[in-house]
Amino acid sequence: MIEEKEKDSFWLIVAGIVLTMAAVMWFIKSSEHGKYETAAKAIAEDASNSAYHVSK
């Protein structure tokens, strides 16, 4: 009687999880890119708009 061995797909599953997590992190990072653009423009126009006012 010849038994067939089931193919081990552990590393394929690990690679899939790693790639999925990398894609999720990339999507989150790219969605946060322009979040503070309006505030940065307002601070560039007038530094008193910043909560971190630096006195000279």
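Rules used in this analysis
- Residues numbered from 1 in each chain as written.
- Predicted model: local features only at pLDDT ≥ 70, side-chain atom pairs only at ≥ 80, totals over all residues.
- Heavy atoms only, no water.
- Helix = DSSP H or I, 4+ residues; strand = E, 2+ residues; numbered from the N terminus.
- Buried < 20%, exposed > 50% of the residue type's maximum accessible area, 1.4 Å probe, protein only.
- Areas by Shrake-Rupley, 256 points an atom, 1.4 Å probe, with all protein chains shown as cover.
- Salt bridge = Lys/Arg side-chain N within 4 Å of Asp/Glu carboxyl O.
- Phe/Tyr/Trp six-rings, centres within 6.5 Å; stacked < 30°, edge-to-face > 60°.
- Patch = residues over 30% accessible without salt bridge, like charges linked within 9 Å, V, L, I, M, F, W, Y side chains within 5 Å.

**Q** Looking at this model, I keep getting lost on the overall build of the protein chain. Mind explaining?
**A** Check the secondary structure of the protein chain and you find two helices and zero strands. The buried share of the protein chain, taken over its 56 residues, is 2%. For the protein chain, the computed accessible surface area is about 6,100 Å², with 64% contributed by carbon and sulfur atoms.

**Q** So what exactly am I meant to see when it comes to the pattern of salt bridges here?
**A** Side chains carrying opposite charge are able to pair once their charged atoms draw close together. Per the stated rule, a full pass over the model turns up one salt bridge. Lys 41 is the partner of Glu 37 in a salt bridge, and the nearest nitrogen-oxygen pair spans 3.7 Å. Taken as a pair, Glu 37 and Lys 41 lie in helix H2 (residues 37-45) at a separation of four residues, close to a single helical turn. Accessibility expressed as a relative area gives 44% for Glu 37, which makes it partly exposed.

**Q** Teacher, can you tell me more about the packing of aromatic side chains here?
**A** Inspection of the entire model under this criterion finds two aromatic pairs. Their ring planes at 75° and their centres at 4.9 Å tell us that Phe 10 and Trp 11 sit as a pair that is edge-to-face. Judged by its relative accessible area of 46%, Phe 10 falls in the partly exposed class. Classification of Trp 11 as exposed rests on a relative accessible area of 65%.

**Q** I keep staring at a nonpolar patch on the surface and nothing clicks. Help me out?
**A** Residues Ile 13, Ile 17 and Met 21 make up a contiguous nonpolar surface patch of about 300 Å² in total accessible area. Within the secondary structure layout, Met 21 lies in helix H1 (residues 10-31).

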